[in-house]
Amino acid sequence: MTVPKGLLIDLDGTLYHGDRMIDGADRLIALLRRLGRPYLFVTNNSSATPEAVAARLEGMGIPAEPGEVCTSAQAAAAYIAESKPDARVFVIGEAGLLEAVRGAGLREVEEHADFVLQGIDRQFTYARAARAVSQILEGARFVITNPDLLLPSDHGLIPGAGSIGAMLRAASGAEPTVIGKPSAILMDFALKRLGRSASETLVVGDNLATDIAAGACAGCETVLVLTGLTNDANYETLRSAAGVTPDRTHRDLHALMAELSGAGG
């Protein structure tokens, strides 16, 4: 008997835009629950806790629980804890990253760190940059939650975690370990949480360079939805730039639901 595939589902651009639910997102999650299909919401966002992410989804009308959320912050903390339990970590980040570090049993320090762990930090200062670079130069391993250079806000695009990471990388000369999409590290962490192998999992997202590339890198089947960044007009350009082709493409979430309701998927 074939095991129904689980799903790793992107958020921004796939299930919502800003604070607006994309048409069908609520019905998609309701369908997965009704079918008993395991799934996780997988996000590069390291700033919000799983509880905050779930509350935001619920506020838009999308059913969600904290245990269904998988963030780059959680994956980064788990990566460091696996590399060195009880590691000393200098953290540049917000609530979601700080909570993940504490939850993994890591020690937050201001000096003599084993790791410099960096995510988005909207209170970032030159002093914090200088301290991070100093510790990387002294031998601390450099880990970033995600490489996103820009992120959407109520006032348009603003610098993302990747922009801070680019500064630290330029100053220190160190290549960071990247946790979030398109890296397979986040996807492998999510697969363990999901309890499915890569061959038993669909990765669903709107971004070829992150969602689809990460899914392909992890060995998962990939489904692109034209609900966000990618559309008919820019598909070929983005596909060529990303160097990856999704296994299937759906115009909207309703088409994805039709697939999942049938024999496929």
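Up top you'll find the structure we're talking about.
Residues numbered from 1 in each chain as written. Predicted model: local features only at pLDDT ≥ 70, side-chain atom pairs only at ≥ 80, totals over all residues. Heavy atoms only, no water.

Colleague: Would you mind going over the overall build of the protein in detail, with residue names and values included?
Modeller: Check the secondary structure of the protein and you find ten helices and 15 strands. Its C-alpha radius of gyration of 18 Å places the protein within 12% of the 18 Å reference for a compact globule of 265 residues. Each principal axis of the C-alpha atoms in the protein carries an extent, and together these give about 55 × 40 × 35 Å. The buried share of the protein, reckoned over its 265 residues, is 51%. Long-range pairs, those at least 24 residues apart, make up 69% of the contacts in the protein between residues at least 6 apart in sequence. Surface exposure of the protein reaches about 11,600 Å², of which carbon and sulfur atoms provide 53%. Charge separation in the protein, taken as the distance between the mean sites of 23 positive and 32 negative side-chain charges, equals 3 Å. (Helix = DSSP H or I, 4+ residues; strand = E, 2+ residues; numbered from the N terminus. Rg over C-alpha atoms; globule rule 2.2 N^0.38 Å. Buried < 20%, exposed > 50% of the residue type's maximum accessible area, 1.4 Å probe, protein only. Contact = heavy atoms within 4.5 Å. Areas by Shrake-Rupley, 256 points an atom, 1.4 Å probe, with all protein chains shown as cover. Lys, Arg positive; Asp, Glu negative; His and termini not counted. Charge placed at Lys NZ, Arg CZ, Asp CG, Glu CD.)

Colleague: If you had to explain the environment of aspartate 232 to someone new, which residues and values would you point to?
Modeller: Its place among the elements puts aspartate 232 in the loop between strand E14 (221-225) and helix H9 (235-242). Taking the C-alpha atoms as reference, aspartate 232 lies 50 Å from glutamate 111; in sequence the two are 121 residues apart. Within the structure, aspartate 232 has its side chain in polar contact with the side chain of arginine 251 (distance 2.7 Å). (Polar contact = N/O pair within 3.5 Å; in protein donor to acceptor, adjacent residues only side chain to side chain.)

Colleague: Any chance you could break down the nonpolar core for me, citing the residues and the numbers?
Modeller: Core analysis: the largest hydrophobic core is formed by 33 residues, its most contacted members being Leu8, Val42, Val89, Leu106 and Leu117. Taken together, the elements giving at least two residues each to this core come down to strand E4 (39-43), helix H3 (72-83), strand E6 (88-92), helix H4 (95-103), strand E8 (115-118), helix H7 (184-194) and helix H8 (208-218). Take this core: its biggest share by element is seven residues, from H7. Aside from chain neighbours lying at most four places away, what touches leucine 8 is Leu40, Val42, Met187, Ala190, Leu191, Leu194, Thr201, Leu202, Val203 and Val204. Of all hydrophobic cores here, the second largest spans 29 residues; its members include Leu11, Phe41, Leu202 and Val223. (Core = buried A, V, L, I, M, F, W, Y, C linked by side-chain atoms within 4.5 Å.)

Colleague: How would you summarise a nonpolar patch on the surface if you had to cite specific residues and measurements?
Modeller: On the surface, Leu149, Leu150 and Leu157 cluster together to form a nonpolar patch covering roughly 320 Å² of accessible area. The topology assignment puts leucine 149 in the loop between strand E9 (141-144) and strand E10 (150-153). (Patch = residues over 30% accessible without salt bridge, like charges linked within 9 Å, V, L, I, M, F, W, Y side chains within 5 Å. Salt bridge = Lys/Arg side-chain N within 4 Å of Asp/Glu carboxyl O.)

Colleague: How would you sum up the sheet that holds E4? Please name residues and give values.
Modeller: Taken in spatial order, the six strands of this open sheet run E5-E4-E1-E13-E14-E15, and their pairing is parallel. What marks the edges here is a single partner per strand, and that holds for strand E5 (69-71) and strand E15 (248-250). In this sheet, adjacent strand axes meet at a mean angle of 25° when their direction is disregarded. With three bridges joining them, E4 and E5 adopt parallel strand pairing. Its bridge partner lying in E5, threonine 43 is registered against threonine 71. Contacts between helix H1 (residues 25-35) and the sheet are confined to strand E1 (6-9) and E4, with E4 contributing the most and set at about 145° to the helix. (Pairing = 2+ DSSP bridges. Axes fitted to C-alpha atoms, helices over the stretch in contact; angles between N-to-C directions.)

Colleague: Any details on helix H5 (residues 126-137)? Residues and values, ideally.
Modeller: Counted at 1.5 Å a residue, the expected span for H5 with its twelve residues is 16 Å, and the 16 Å between its end C-alpha atoms agrees. Listed in full, the buried residues belonging to H5 are Ala129, Ala132, Val133, Gln135 and Ile136. Take H5 and look down its axis: the buried residues cluster within an arc of 165°, on one side only. Projecting away from the buried face of H5 at angles above 90 degrees are the exposed residues Tyr126, Ala127 and Leu137. In this structure, the buried side of H5 is in contact with E6, E8, E9 and helix H6 (161-172). (Expected span 1.5 Å × (residues − 1). Arc of directions from axis to C-beta.)

Colleague: Kindly report on the pattern of salt bridges, identifying the contributing residues and their values.
Modeller: As enumerated under the stated definition, the model contains 16 salt bridges in all. Taking the shortest distance from any N to any O, the salt bridge between aspartate 19 and arginine 56 comes out at 3.5 Å. Within this pair, whereas aspartate 19 is found in the loop between strand E2 (16-17) and strand E3 (20-21), its partner arginine 56 is found in helix H2 (residues 50-60), the two being separated by 37 residues in sequence. The exposure class of arginine 56 is partly exposed, given its relative accessible area of 35%. Three or more residues joined by partner-sharing salt bridges are found here, namely Lys5, Glu221, Arg248 and Glu259.

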